[in-house]
Amino acid sequence: MFGKSIISVLVRRSIMDRLKDLWFAFIVGNIYDIVLSFIAWRCHFIELNPILSSLTIDGYSSLLEALIGLKLIAISITYLILREVKDYKVLILTIAVIGTMFIVTWDMFNFLAL
């Protein structure tokens, strides 16, 4: 019985560590995407982003506000979804991190293709 409780504590702790690592990767990836997108627009390289293209952005400060706002919405939605789900938090957050890394990689290839 004592061994079973130690194993359950270790498994639970490793899941919490995975969640922390995934949250860190998700947030850092989104911050990196904001910085990369801002630099790309500052160098007059316009990304093919339909959400940003539909907004009327008249300067660099409004672009930065739009980018930060969109990323805060994405992080908030991910948090709200994970708060409701009990069992598959690691899987859902892994999918969100993979999506973020895909977007960052796509932006890097577009930016370096100049």
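To start, this report covers the structure provided alongside it. None of the values given here were measured: they were computed from a predicted structure. (Residues numbered from 1 in each chain as written. Predicted model: local features only at pLDDT ≥ 70, side-chain atom pairs only at ≥ 80, totals over all residues. Heavy atoms only, no water.)

1. Quick notes on the packing of helix α3 (residues 60-84) against helix α4 (residues 89-112)
Where we set the bar: Axes, fitted as lines to C-alpha atoms, cover a helix only where it is in contact. Angles between the N-to-C directions of the axes lie from 0 to 180 degrees. In DSSP terms, a helix is any run of H or I states spanning at least four residues, a strand is any run of E spanning at least two, and both are numbered starting from the N terminus. The cut-offs work like this: below 35 degrees is roughly parallel, past 145 is roughly antiparallel, 65 to 115 is roughly perpendicular, and the gaps in between are oblique. The sense of a crossing depends on the near helix, which, turned anticlockwise from the far helix by less than a right angle, makes the crossing left-handed and, turned clockwise, makes it right-handed. The criterion used for residue contact is that any of the two residues' heavy atoms lie within 4.5 Å. Residues are grouped as follows: nonpolar covers Ala, Val, Leu, Ile, Met, Phe, Trp, Tyr, Cys and Pro; charged covers Asp, Glu, Lys and Arg; every other residue, Gly included, is treated as polar.
It is at 10 Å that the axes of α3 and α4 come closest, and there the two elements cross at 165°. Between α3 and α4, the angle falls in the class roughly antiparallel. The handedness of the crossing between α3 and α4 is right-handed. When α3 is examined against α4, the residues Thr78, Ile81 and Leu82 are found in contact with a partner set consisting of Lys89, Ile92, Leu93 and Ala96. Split into classes, the residues belonging to the contact of α3 with α4 amount to five nonpolar, one polar and one charged.

2. Some thoughts on the nonpolar core
Selection criterion: Residues grouped as a nonpolar core are buried Ala, Val, Leu, Ile, Met, Phe, Trp, Tyr and Cys residues, joined through side-chain atoms within 4.5 Å. Whether a residue is buried, partly exposed or exposed follows from its accessible area with a 1.4 Å probe, protein chains only, as a fraction of its type maximum: under 20%, in between, or over 50%, in that order.
Counting seven residues, the largest nonpolar core consists of Leu19, Leu22, Phe26, Leu82, Leu93, Ala96 and Val97. Elements that contribute at least two residues to this core include exactly α1 (2-42) and α4. Look past the residues within four positions of leucine 19 in its chain and what remains in contact with it is Lys89, Val90 and Leu93.

3. Quick notes on α4
So the rule is basically this: A helix is expected to reach a length of 1.5 Å times the quantity of its residues less one.
Under the 1.5 Å per step criterion, the end-to-end length of α4 is 34 Å for 24 residues, consistent within 8% with the ideal 34 Å. Within the span of α4, buried status applies to Leu93, Ala96, Val97, Thr100, Val104, Asp107 and Phe111.

4. Side note on the packing of aromatic side chains
Quick note on the threshold: Only Phe, Tyr and Trp rings take part, Trp by its six-membered ring, and two of them pair if their centres are within 6.5 Å. Stacked means planes under 30 degrees apart, edge-to-face means over 60, and tilted covers everything else.
Taken as a whole, this structure holds two aromatic pairs when the rule is applied. On the basis of an interplanar angle of 75° and a centroid distance of 5.9 Å, the ring pair of tryptophan 23 and phenylalanine 26 is categorised as edge-to-face. Linking tryptophan 23 with phenylalanine 26, this pair stays in helix α1, spanning three residues, or about one helical turn. The class of phenylalanine 26 is buried, set by a relative accessible area of 4%. Judged by centre distance (6.0 Å) and plane angle (40°), the ring pair of phenylalanine 102 and tryptophan 106 falls under tilted. Within this pair, phenylalanine 102 and its partner tryptophan 106 are both found in helix α4, separated by four residues, close to a single helical turn. When its relative accessible area of 54% is taken as the criterion, phenylalanine 102 is described as exposed.

5. Let's talk about the side chain of serine 37
As a reminder of what qualifies: Between N or O atoms, a polar contact is any pair within 3.5 Å; within protein, one atom must be a potential hydrogen donor and the other a potential acceptor, and residues adjacent in sequence are included only when both atoms are from side chains.
With respect to the element layout, serine 37 can be found in helix α1. Of the polar contacts made by the side chain of serine 37, one reaches the backbone oxygen of aspartate 33; its length is 2.9 Å.

Everything listed here is a matter of geometry and, on its own, says nothing about what the molecule does.
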